[in-house]
Every structure is written in structure tokens, then in C-alpha cells.
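Letter by letter, the chains look like this.
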Amino acid sequence: SPSHSPDRLHVVEKAGQLNKTKIAEGGRKLRKCWTSSWLVLAGNSLMFYKDPKVAAAWTPSGSRPESSVDLRGARIDWARDLSSKRNVIHFRTVTGNEYLLQSDSETVSQDWYQAIKGVIRRLDEE
Ligand code: I3S
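In this convention, every chain numbers its residues from 1, walking through the sequence in written order. For this predicted model, a pLDDT threshold of at least 70 governs which residues receive local features, and a threshold of 80 or more governs which side-chain atom pairs are given and counted, while totals over whole chains, interfaces and linings are taken from all residues. Computation of side-chain values covers all heavy atoms of the structure but excludes hydrogens and water.

Structural notes on the site of the ligand
Now for step 1: Throughout this document, a residue counts as near a molecule or strand when at least one of its heavy atoms sits within 4 Å of that molecule or strand. The environment of the ligand is formed by Arg31, Lys32, Trp34, Ser83, Ser84 and Lys85.
Now for step 2: Here an oxygen atom of the ligand sits 2.7 Å away from a polar atom, N or O, in the side chain of Lys32.
Now for step 3: Lys85 is positioned such that a nitrogen or oxygen atom in its side chain is 3.2 Å from an oxygen atom of the ligand.
Now for step 4: Residue-level accessible areas treat just the shown protein chains as cover; the underlying method is Shrake-Rupley with a 1.4 Å probe. When isolated, the ligand has an accessible area of 510 Å², and the protein chains bury 46% of it.
Now for step 5: Per-class residue counts for the shell around the ligand are one nonpolar, two polar and three charged. Two N or O atoms form a polar contact when they lie within 3.5 Å of each other; inside protein one atom must be a possible hydrogen donor and the other a possible acceptor, and for residues adjacent in sequence the pair counts only when both atoms belong to side chains. Charged means Asp, Glu, Lys or Arg here, nonpolar means Ala, Val, Leu, Ile, Met, Phe, Trp, Tyr, Cys or Pro, and polar covers whatever is left, Gly included.

So this is what it looks like as C-alpha cells:
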């Protein structure tokens, strides 16, 4: 039945480890605090977990991520002047929360950039 068919909310598009810091909350600048985080991109959301094991147990009604952002209306670009690190992704939600995501691997950062951008674009078209 349709109620059992997978929908986009439940489809994990991408998951993996990245360095992450939140740099603004509601437009207000925050002090950077880089930490390693396990990211899960699914449905309209990018979810952050401390531990991949917790993320693996993820179900719609099950374990909750440490934090989660709604990608609808979000903007993504490459952080040029926001960090001394390389391969840094910058994104901003409609509510003015801003994050930096980073990997020392250019390929890993590029893949995440494209995946997040793809979701944002899809949501823009809905
Ligand atoms: O943009 P900033 O202030 O140079 O960011 C650096 C600081 O957050 C620093 O911590 P302190 O608050 O103890 O100064 C971090 O250790 C650095 O990693 C931050 O710079 P990068 O360029 O790594 O994003």
C-alpha cells in the first residue's frame, strides 16, 4: 500500500564523518567550536550525530539526532574567508543558522557539497 512505500523523509541520501562548527544562530555570530560529527542527509534534513552507531539505529520515531537542520530555503557556498582550513563548506538556513563543514579530503567535501546542494535545489523546485 502507499503507506508502506518509502518516501523521501526516510531515504538516507548520504552519511559520513565531517568536521563541523556552528558559526551563527538566528543571525547572531557564535564562537567557533570545531568537532567531529556524523552527518546523515535524509529527506529535507541534515542531521548531526555524535556517534555513527546512534545514527545507524535511526528510525522516523526512534533515536533523535543531536541536532537537525531543515534545508528548505537554505543557501550553500564554499567558505572563502571564514576559516583557515581547506575544503570548507558554508551553509545557512532560512532561520539564520550558519554552519561550516570540513574535510581534509577535497573529494569528500565536494561530494557533500553536491549532495546538500542537490537537496536544496530539489526543495526549491517543490
Ligand atoms: O575564525 P577564527 O576565530 O579564527 O576561528 C578559530 C578559533 O575559533 C579557534 O578557537 P579559539 O576560539 O580558541 O581561538 C579555533 O581553534 C580555530 O580552529 C578557528 O579557526 P579555523 O580557521 O580553524 O576555522
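After presenting the structure, the write-up continues.
Regarding the packing of aromatic side chains
Now for step 1: Pairing of aromatic rings covers Phe, Tyr and Trp, the last counted by its six-membered ring, and requires centre-to-centre distances within 6.5 Å; plane angles under 30 degrees mean stacked, over 60 mean edge-to-face, and any other angle means tilted. This model, assessed by the stated rule, comprises three aromatic pairs.
Now for step 2: Measuring from ring centre to ring centre gives 4.6 Å for Trp78 and Tyr113, while their planes differ by 10°; the resulting arrangement is stacked. On the criterion of sequence distance, the pair formed by Trp78 in strand S6 (residues 75-78) and Tyr113 in helix H2 (residues 106-125) is long-range, its members being 35 residues apart.
Now for step 3: Residue exposure (1.4 Å probe, protein chains only): buried if accessible area is under 20% of the type maximum, exposed if over 50%, otherwise partly exposed. On the accessibility criterion, Tyr113 (9% relative accessible area) is buried.
Now for step 4: Residues Phe91 and Tyr99 carry aromatic rings whose centres are separated by 5.2 Å and whose planes lie at 20° to one another, so their mutual orientation is stacked. As far as burial versus exposure is concerned, Phe91 and Tyr99 are alike and both buried.
Now for step 5: Through a chain of ring-to-ring contacts, the aromatic side chains of Phe48, Phe91 and Tyr99 assemble into a single cluster.
Now for step 6: Here the guanidinium or amino end of Lys14 rests over the ring plane of Trp112, the centre of that ring lying 5.1 Å away.
Now for step 7: Any Lys NZ or Arg CZ found within 6 Å of a ring centre and within 35 degrees of that ring's normal is scored as a charge over the ring. For Lys20, the ring lying beneath its charged end belongs to Phe48, and the centroid distance is 4.3 Å. Every helix listed is a DSSP run of H or I at least four residues long, and every strand listed is a run of E at least two residues long, numbered separately from the N terminus.

Digging into unusual backbone geometry
Trans is the prevailing form of peptide bonds, just as negative phi is the prevailing case for residues other than glycine.
Now for step 1: A positive phi angle is found at Asn87, which is not glycine, with a value near 55°.
Now for step 2: With respect to the element layout, Asn87 can be found in the loop between S6 and strand S7 (88-92).
Now for step 3: Taking the relative accessible area as the measure of exposure, Asn87 reaches 17% and is therefore buried.

Some words on the confidence of the model for the chain
Now for step 1: Looking at the chain as a whole, its pLDDT mean stands at 87, while 83% of the residues score no less than 70.
Now for step 2: For every residue, the pLDDT score states the predictor's confidence, bounded by 0 at the bottom and 100 at the top. For this analysis, residues touch if any pair of their heavy atoms sits within 4.5 Å. Here residues 1-6 is modelled with pLDDT under 50, and outside its nearest four sequence neighbours on either side it reaches zero contacts, counting other chains as well.
Now for step 3: If you check the scores for this complex, the pTM reads 0.87 and the ipTM reads 0.88.

Some points on the nonpolar core
Now for step 1: We call a set of buried Ala, Val, Leu, Ile, Met, Phe, Trp, Tyr and Cys residues a nonpolar core when their side-chain atoms join them within 4.5 Å. Within the largest apolar cluster, 19 residues are counted, with the highest numbers of intra-cluster contacts made by Leu46, Phe48, Leu71, Phe91, Leu101, Trp112 and Ile116.
Now for step 2: Counting only elements with at least two residues in this core, the list comes to strand S3 (35-42), strand S4 (45-49), S7, strand S8 (98-102) and H2.
Now for step 3: Counting residues per element, this core draws most heavily on H2, at six residues.
Now for step 4: Setting aside residues up to four positions removed in sequence, Phe48 forms contacts with Lys20, Ser37, Trp38, Leu39, Pro65, Glu66, Ser67, Val69, Phe91, Tyr99 and Leu101.

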